[in-house]
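Architecture at a glance
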Amino acid sequence: MSTTHGFTDTPFQETQERQELRKQVAKLAGKFGRDWFTEKARSGGKTTELWLEIGKNGYLGINIPEQYGGGGGGIGDIAAVCEELAAQGCPLLLMVVSPAICGTIITRYGTEEQKQRWLPGICDGTGTMAFAITEPDAGTNSHNITTTARRDGDGWVLNGRKIYISGVDEADNVLVVARTEDAKTGKLKPCLFVVPTDAEGFEAKSIPMEIVSPELQFQVFIDDVRLPADALVGDEDGGLVQLFAGLNPERIMAASFSTGLARFALDKATAYAKERVVFKDAIGSHQAVAHPLAQSHIEIEMARLMTQKAAALYDAGDDMGAGEAANMAKYAAAEAACDAADRAVQTHGGNGITQEYGMAGLLVATRAGRIAPVSREMILNFVAMHSLGLPKSY
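With an unreviewed UniProt entry as reference, the protein is termed Acyl-CoA dehydrogenase, source organism Nocardioides conyzicola. A UniProt comment under Cofactor (unreviewed entry) is attached to the protein, and it reads "FAD".

1. So, the pairing of strand β1 (residues 129-132)
Taking every second residue as pointing to the same face, both faces of β1 are buried, with Met129 and Phe131 on one and Ala130 and Ala132 on the other. Bridge analysis of β1 against strand β4 (residues 173-181) gives four bridges, and the strand direction is parallel. Bridge pairing in β4 links Ala130 to Val174.

2. Quick look at the nonpolar core
Most often, soluble globular proteins keep nonpolar side chains buried together rather than apart. Core analysis: the biggest nonpolar cluster contains 78 residues, and Leu50, Ile54, Val81, Leu85, Met95, Phe131 and Leu175 have the highest contact counts within it. The leading source of residues in this core is helix α8 (residues 247-275), at 11 residues. Grouped together as the second largest cluster of nonpolar side chains are 23 residues, Ile165, Val174, Ala178 and Ile222 included.

3. Examining helix α10 (residues 319-348)
The end-to-end C-alpha separation of α10 is 42 Å, in line with the 44 Å expected for 30 residues at 1.5 Å each. Within α10, 21 of the 30 residues are buried, which leaves the element mostly enclosed by the surrounding structure. One or two positions beyond α10, positive phi appears at Gly349, with a value near 60 degrees.

4. Comments concerning the layout of surface pockets
Its volume calculated, the second largest pocket comes out at about 460 Å³. In terms of lining residues, the second largest pocket is bounded by 22 residues, among which Gln355, Glu356, Tyr357, Gly358 and Met359 are the most central. Per element, the largest residue contribution to the lining of the second largest pocket is five residues, and it comes from α8. Class assignment for the residues of the lining of the second largest pocket results in nine nonpolar, six polar and seven charged.

5. Details of the UniProt feature "domain: Acyl-CoA dehydrogenase/oxidase N-terminal" (unreviewed entry) in the protein
Mapped onto the present numbering, the UniProt feature "domain: Acyl-CoA dehydrogenase/oxidase N-terminal" (unreviewed entry) falls on residues 15-125. The distance separating the terminal C-alpha atoms of residues 15-125 is 26 Å; by composition the span is 70% helix and 0% strand.

6. Section: the side chain of Ser256
Mapped onto the secondary structure, Ser256 falls in helix α8. On the basis of relative accessible area, Ser256 is assigned to the buried category, the value being 2%. Within polar-contact distance, the side chain of Ser256 engages the backbone oxygen of Ala79 at 3.4 Å. With residues up to four places along the chain from it excluded, the contact list for Ser256 reads Ala79, Cys82, Glu83 and Thr307.

7. A few points about helix α1 (residues 16-30)
Over its 15 residues, α1 extends 21 Å from the first C-alpha to the last, a length consistent with the 21 Å expected when each residue adds 1.5 Å. Of the positions making up α1, those classed as buried are Arg18, Leu21, Arg22, Val25, Ala26, Leu28 and Ala29. Down the axis of α1, the buried side of the element spans an arc of 165 degrees, and every buried residue falls inside it. Projecting away from the buried face of α1 at angles above 90 degrees are the exposed residues Gln16, Lys23 and Lys27. Contacts made by the buried residues of α1 are with α2 (33-43), α3 (48-56), α4 (75-87), α8 and α9 (287-315).

8. Here we look at empty space enclosed by the protein
Going through the model one piece at a time under the given rule, you end up with one cavity of 30 Å³ or more. Space inside the largest cavity adds up to approximately 80 Å³. Taken together, the elements giving at least two residues each to the lining of the largest cavity come down to α1, α4, α8 and α9. Here the residues of the lining of the largest cavity are counted per class, giving three nonpolar, five polar and five charged.

Calculation rules
Residues numbered from 1 in each chain as written. Predicted model: local features only at pLDDT ≥ 70, side-chain atom pairs only at ≥ 80, totals over all residues. Heavy atoms only, no water. UniProt positions renumbered as here; feature names shortened; annotations may be inferred. Buried < 20%, exposed > 50% of the residue type's maximum accessible area, 1.4 Å probe, protein only. Helix = DSSP H or I, 4+ residues; strand = E, 2+ residues; numbered from the N terminus. Pairing = 2+ DSSP bridges. Core = buried A, V, L, I, M, F, W, Y, C linked by side-chain atoms within 4.5 Å. Expected span 1.5 Å × (residues − 1). 1 Å grid on protein atoms, 1.4 Å probe; cavity = no way out; pocket = protein on both sides within 12 Å on 5 of 7 lines; lining within 4 Å. Points joined across faces, edges and corners; volume = space filled by probe spheres on them. Nonpolar A, V, L, I, M, F, W, Y, C, P; charged D, E, K, R; others polar. Polar contact = N/O pair within 3.5 Å; in protein donor to acceptor, adjacent residues only side chain to side chain. Contact = heavy atoms within 4.5 Å. Arc of directions from axis to C-beta.

See below:
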């Protein structure tokens, strides 16, 4: 049977290899589980043990070429890994960042020496790389980034601020989006630099968050950080094309992160509805409980299908088609996850807001998907403008 980008000849059916991958990742993550994940989060611990286990089994770099320690697969494969981890209650945000964004950009645009230096560590989990684009005053408008890089002899000097940067404390390096001045026009253009987290002048301050997660968010201060010439990834004149190479994978991964969380919430709600008895029967026999859960199942499956479409288009090299599908998938997945978490809490009743049952924390965790890595409003702007041909509104 022939296969194309993760699908068999049977329409909408993932290959046996992809299905087996999902099964094995779920099995591995199941050995850790939600209680372990939550305990790490509440105690200030880290998920390093799980992270390295994923790497050791070859799942962490499954989308990275084999010659650099990866699995030679596509974005659909790494998205499947991300989803199955979340579905077992272990959503790892750095999956979105290190192998998908940073791994993709370096694979596409890095020099051979850069690939040899950074990709193996991304694959085995020993050289995790964070990604820094968001700034306090720029928000969604990436054109307003003010972090700048200027040439200094053979190297570069970076200055700027970043905010809501995930997992800086767990990363050896950060792929920083900065801007350099075009000598011809004087205009600033985006460029990508690998910055060691222990570099002099690089400081990260943890941001207190309400999300129950071992992965922290940081504000980053970059003050006269000196970098060698080969810290620049890709062509200095490559501009937005190089940056956006990592953003479609980011949206696809964010969608899988959300659908995984949604599946986890729905599984817990369904199990509870089967065993909780009130008024003689299990509450799942009542349509007021059963129908919202059935609705969530439908919404999750639709979001998963769009995510798989986006991944297949991306892996086929259709960047424009993938851009539309990835944005739609991320939107649909976040909505499905928020609804699934809310319905899971409601199904549990009072138990839904206890720490013991662990449902309430999902409300904030899933809600973040409507905001990051791109807000639902900006996705609606994208669809209105690019899909429907409406005038640009911003």
